[in-house]
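Breakdown of the fold
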Amino acid sequence: MYQVLKFVSKIDKKYFNIIFLCYILMSVLPYIQIRLVQSLIDLNYVEYKFLPYAVITGLVLQQIILGVTKGFIKYVSLKFKYRASLDLNENFYSKCDRLQYSAYENSTIVKNINIIRNHYENMCESSIDGFFSILSTSLTLILILGIIQKAGFIVLLIAIFTLVPVCILSVKYSMKEMEGWDQSGELWEKACYYSNIITNREYAKESHIFQTNNFMQKKWKGSFNEYNSKILKMTSSVRLKKAFFVFVQCLGIGVVISILLPSLKNKLITIGCLVGTVEGLYQLTKNIGWDMAAAISNCTYSKKVYEIYQSVVDAGEQQYDQDHVNWEAACEEIRRNPVLEVNDVWFRYDPEKDYILKGVTFRIAPGKKVLLVGENGSGKTTLIKLILGFYKPEKGYIKIGGYDTAEIPPENRYKIFSAVFQDYARFEISLSDNLEIGSHEKYNEKELLALLEKVDGTSIFNTISSIDDTLGKKYEDGKDLSNGQWQKIALIRAIAK
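Residues numbered from 1 in each chain as written. Predicted model: local features only at pLDDT ≥ 70, side-chain atom pairs only at ≥ 80, totals over all residues. Heavy atoms only, no water.

1. Looking at the packing of helix 12 (residues 431-439) against helix 13 (residues 445-454)
Our working definition: To get an axis, fit a line to the C-alpha atoms, keeping to the stretch in contact for a helix; angles then go from 0 to 180 degrees between the N-to-C directions. What counts as a helix is a DSSP run of H or I of at least four residues, what counts as a strand is a run of E of at least two, and both are numbered from the N terminus. Note on angle classes: values under 35 degrees are labelled roughly parallel, values over 145 roughly antiparallel, values of 65 to 115 roughly perpendicular, and the remainder oblique. The contact criterion used throughout is that any non-hydrogen atoms of two residues lie within 4.5 Å. Classification convention: Asp, Glu, Lys, Arg as charged; Ala, Val, Leu, Ile, Met, Phe, Trp, Tyr, Cys, Pro as nonpolar; all other residues, Gly among them, as polar.
Taken N-terminus to C-terminus, the directions of helix 12 and helix 13 make an angle of 80°; their axes are 11 Å apart at the nearest point. Classified by the angle between their axes, helix 12 and helix 13 sit roughly perpendicular to one another. For the pair helix 12 and helix 13, the contacting residues are L431, S432 and L435 in the first and L448, L451 and L452 in the second. Its residues assigned to classes, the contact of helix 12 with helix 13 comprises five nonpolar, one polar and no charged.

Below, the structure written as structure tokens:
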């Protein structure tokens, strides 16, 4: 938890410190309220007939201060969350950019990336809420127990023994929930996938032709029910125990009152002491115990997400020799003599399975055009990925201009190579932006038209009116293109590069 907090606190120390002070203020308010009521009753600051009004006024003032403080915390937290969201996502996206391509074909890493993408911002918010809630609740707890102990040691023990089990069970519940999240995450992903098939335009043609909706709804319902039943099964026993101890807490208040009434009758304690003790126990039962439980749950959640984040950070980032090779000069040398050498290349994705490529050897001289022909699954795309440096051969080497392609840093390697894959990406942004992400240069309409003419793609302008029109149907103002037109955009993106 310390690592998460240290990580989050660096984002904006000013807002972090303001939130800290607000939580401290909130932690002392219940104590001030109880002490105020005790003083009003025992010290006769007001006449008895005005006492109810004084107590009510005090409670109203406390709630006003509490409400204003909570509102201010929400406002500051939003500011902090905005900064955190910006910094954390920039950091995360930069990391994703540095991951090796092979990391994206590892199902565990992809799953973890999706978890982080969906929970990263919540991790920040939960870690701050959790830490400060534990801090403020602990301070409130100490102050309230200080009030309760004046009613006697036995009353103090009852208060502690009814509070501790709720907190312990909350930790257990959080751990069970996280365990269920880990074990049942795939079921939830399946449910989301089936839902996506039912609702997504991408599947609409096949859905209508093959009438798949009823089938997919059954699949979705099955995964959804199985996921929820697993979570409920794992957490139900803890929930029941937790409910039991809440009942015990309420019972404890009744026991305390029955113990204190004779003491009040014998004038061993004051009315203010009785009222303060009961109010303190009520605070422990209603607020402090559950606030602590929620805080612990938030901290557990944040720690889990941070561990997943660290697993991605530690994965798949390849180191390149930047000290002994001037890669800018090397790239110029490669451009002058781009001979491609593939020598005795062996490769397999799984070390326990057979090789996909076995002893592949060939040489392509500059200016030559080569066609790779083979059956489905024979390794054509895999060979292209090896040439592009996405993977390293298990045996042999692939060189361009005398340099091993897998050893060239990505920012230099992709200035040499360009590719259009069979499953090319459709970037639903403007035509102008589609070219800019390939070439990192801004094209005007005349230059873009010249590129489209190279691939016989000028018909795109029958669909769009400007190079700044958004492509695709993701957005309301998007212009939909045919598959062929999307292919032309993928081609000119590769050419522009």
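2. Thoughts on the nonpolar core
What counts here: The set of buried Ala, Val, Leu, Ile, Met, Phe, Trp, Tyr and Cys residues whose side-chain atoms join them within 4.5 Å is what this entry labels a nonpolar core. The cut-offs for exposure are 20% and 50% of the maximum accessible area for each residue type, with area from a 1.4 Å probe on protein chains only; residues under the lower value are buried, those over the upper are exposed, and the others partly exposed.
Formed by 20 residues in total, the largest nonpolar core has its most connected members in L145, I148, L260, L281 and L284. For this core, the secondary-structure elements that each account for two or more residues are helix 4 (107-148), helix 5 (153-199), helix 7 (213-265) and helix 8 (271-313). I334, L340, L383 and Y391 belong to the second largest nonpolar core, which has 19 residues in total.

3. Some points on the packing of aromatic side chains
Note the following rule: Only rings of Phe, Tyr and Trp enter the pairing, Trp through its six-membered ring, and a pair is recorded when the two centres are within 6.5 Å. The plane angle decides the type: under 30 degrees is stacked, over 60 is edge-to-face, the rest tilted. Two conditions define a charge sitting above a ring: the NZ of Lys or the CZ of Arg must be within 6 Å of the ring centre, and it must be within 35 degrees of the ring normal.
Enumeration over the complete set of coordinates arrives at 11 aromatic pairs. Where W188 meets F224, the ring centres are 6.2 Å apart and the plane angle is 45°; that geometry is what we call tilted. In this pair, W188 sits in helix 5 while F224 sits in helix 7, placing the two residues 36 residues apart along the sequence. In this structure F224 comes out as partly exposed when scored by relative accessible area, which is 30%. Seen from their ring centres, F347 and Y391 are 5.3 Å apart, and the 50° between their planes marks the pair as tilted. Within this pair, whereas F347 is found in strand 1 (residues 340-347), its partner Y391 is found in the loop between helix 10 (380-387) and strand 3 (395-400), the two being separated by 44 residues in sequence. Residues F347 and Y391 agree in their burial class; the two are buried. Lying across the ring of Y355, R348 places its NZ or CZ 4.2 Å from the centre. Here K395 stacks its cationic end above the ring of W346, 4.9 Å away from the centre of that ring.

4. Quick notes on the environment of L141
Note that L141 resides in helix 4. Judged by relative accessible area, which is 16%, L141 ranks as buried. Along the sequence, L141 and Y31 sit 110 residues apart, while their C-alpha atoms lie 9.1 Å from each other.

5. Observations concerning the pattern of salt bridges
Under the convention used in this document: Salt bridge, as applied in this entry: a Lys or Arg side-chain nitrogen positioned within 4 Å of an Asp or Glu carboxyl oxygen.
Considering all chains together, one arrives at five salt bridges under this definition. When the shortest N-O distance is used, the salt bridge between D354 and K358 registers 3.1 Å. Here K358 falls in the partly exposed class, since its relative accessible area comes to 46%.

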